[in-house]
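Observations on the three-dimensional arrangement
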Amino acid sequence: MTAERRAMRILAVASGKGGVGKSTLSANLAIALHRLGRKVGLVDADIYGPSQARLMGSEDQKPVARDKKLIPVTGAMGVPMLSMAHLVEPGKALAWRGPMVSGALGQLIDADWGDTDLLIVDLPPGTGDIQLSMVQKHKPAGAVIVSTPQDLALIDATRAVSLFAQAGVPMVGLVENMAGYACPHCGEISDPFGQGGAEREAATLSMPFLGRVPLAIDIRRQSDAGDPPAAGEGPHADDFRAIAEKVAAWLEQPASA
């Protein structure tokens, strides 16, 4: 390891189950931290189902290698990033076993990240091979857990917290995603996944609550278009910025070094 590599810290973004918007949160967290002045990069560690290339508007780019290391491509707002979607043809299924997956993850993380000092790693859902490789080989500085307010999602989020706790990875905090839906016609707020569940669970687990992001059609539309809401202005950008500010404050604490 070089001194430069040691200086780069890894922040894992995880969830216990799929469908909670973890990848969207990861992309927008990277953008929001970049706008706060952090030298941040983004790795899509979901080898089987990569989505960050679409979310960050970089699907048409292919990384090159230099000195046997990949050179990241450029995502939204100039954030350097890597995903298996940049390396395989669109729509191709990867029927890889655990060792191959761990090797691919290592190539993405150990790329030539230049002066990046914080690497956001968007983990796949669950607590399997990729998560174990992450905590054992790459030693994240901390983990952000994403959940909806729904009880079922929170049960699985608790499992993710347990995995990182057993490995000695500090908890940055819990994010409540899809927290309330505002009807675009009448403005009435409904809560299809419940209300406040992640905040209550964070209190139960004695971990920080980082904030909530609503279930909003604008977020979905912009994400599908490769235009992360955090890159613009407005209430959704403010939601992601508020979460990023708490993460940035956590990173500045001496204990997180």
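Conventions used here
- Residues numbered from 1 in each chain as written.
- Predicted model: local features only at pLDDT ≥ 70, side-chain atom pairs only at ≥ 80, totals over all residues.
- Heavy atoms only, no water.
- Helix = DSSP H or I, 4+ residues; strand = E, 2+ residues; numbered from the N terminus.
- Buried < 20%, exposed > 50% of the residue type's maximum accessible area, 1.4 Å probe, protein only.
- Contact = heavy atoms within 4.5 Å.
- Areas by Shrake-Rupley, 256 points an atom, 1.4 Å probe, with all protein chains shown as cover.
- Core = buried A, V, L, I, M, F, W, Y, C linked by side-chain atoms within 4.5 Å.
- Lys, Arg positive; Asp, Glu negative; His and termini not counted.
- Salt bridge = Lys/Arg side-chain N within 4 Å of Asp/Glu carboxyl O.
- Polar contact = N/O pair within 3.5 Å; in protein donor to acceptor, adjacent residues only side chain to side chain.
- Expected span 1.5 Å × (residues − 1).
- Axes fitted to C-alpha atoms, helices over the stretch in contact; angles between N-to-C directions.
- Parallel < 35°, antiparallel > 145°, perpendicular 65-115°, else oblique.
- Arc of directions from axis to C-beta.

**Considerations on the overall build of the chain**
Looking only at helices and strands, one finds 9 helices and 11 strands in the chain. Looking at the chain as a whole, 52% of its 257 residues are labelled buried. Contacts spanning at least 24 positions in sequence make up 76% of the contacts within the chain whose residues lie at least 6 apart. Total accessible area computed for the chain in this model is approximately 11,800 Å², and 52% of it derives from carbon and sulfur atoms.

**Quick look at the nonpolar core**
Grouped together as the largest cluster of nonpolar side chains are 37 residues, with contacts concentrated most on I109, L119, V121, L123, I145 and F164. Elements that contribute at least two residues to this core include exactly β1 (9–14), α4 (98–109), β7 (118–122), α5 (129–138), β8 (142–147), α6 (151–166), β9 (171–182) and α7 (197–204). With 5 residues, the top contributor of residues to this core is α6. Setting aside residues no more than four positions away along its own chain, L123 makes contact with A12, V13, A14, K22, A45, I130, Q131, M134 and F164.

**Here we look at the environment of K69**
Looking at where K69 falls in the secondary structure, it is placed in strand β4 (residues 69–70). Taking relative accessible area as the criterion, K69 reaches 39% and is therefore assigned partly exposed. Sequence separation between K69 and D112 is 43 residues; the distance between their C-alpha atoms is 5.9 Å.

**Digging into the side chain of D44**
As for its placement among the helices and strands, D44 is situated in strand β2 (residues 40–44). It turns out D44 is buried and unbridged, and the closest side chain with the opposite charge, K22, is 6.7 Å from it. Side-chain polar atoms of D44 contact the backbone nitrogen of Q52, separated by 2.9 Å. Once you skip the residues sitting within four places of it in the chain, D44 turns out to touch P50, S51, Q52, L82, S83, L108 and D122.

**Section: helix α2 (residues 22–35)**
Over its 14 residues, α2 extends 20 Å from the first C-alpha to the last, a length consistent with the 20 Å expected when each residue adds 1.5 Å. In terms of residue burial, α2 counts as a mostly covered element, since 12 of its 14 residues are buried. Every buried residue of α2 is listed here: K22, S23, T24, L25, S26, A27, N28, L29, A30, I31, A32 and L33.

**Digging into unusual backbone geometry**
Even without being glycine, K68 reaches a positive phi, approximately 65°. Here K68 shows up in the loop between β3 (65–66) and β4. For K68, a relative accessible area of 86% puts it in the exposed group.

**Considerations on the packing of α2 against helix α9 (residues 235–252)**
In the contact formed by α2 and α9, the axes pass within 9 Å of each other and the chain directions differ by 70°. Relative to α9, the element α2 lies roughly perpendicular. Taking contact as the criterion, the partners of L25, N28, L29, A32 and L33 in α2 are, on α9, F240, R241, I243, A244, V247 and A248.

**Concerning α9**
Compared with the 26 Å implied by 1.5 Å per residue over 18 residues, the 26 Å span of α9 between its first and last C-alpha is a close match. Considered for burial, the residues of α9 that qualify are H236, A237, F240, I243, A244, V247, A248, W250 and L251. Viewed end-on, α9 has its buried residues packed into an arc of 155°, placing them on one side of the element. Turned more than 90 degrees away from the buried face of α9, the exposed residues are P235 and E252.

**Focus on the pattern of salt bridges**
Counted according to the given criterion, the structure contains 9 salt bridges. The residue K39 makes a salt bridge to D115 at a minimum N-O spacing of 3.7 Å. Placement of K39 in the loop between α2 and β2 and of D115 in the loop between α4 and β7 is noted, with a sequence separation of 76 residues between them. Notably, a salt bridge pairs R66 with D112, separated by 2.7 Å at the nearest N-O pair. With a gap of 46 residues between them, R66 in strand β3 and D112 in the loop between α4 and β7 connect regions that are remote in the sequence. The exposure class assigned to R66 is partly exposed, which follows from its relative accessible area of 48%. Residue classification places D112 among the partly exposed residues on the basis of a relative accessible area of 28%.

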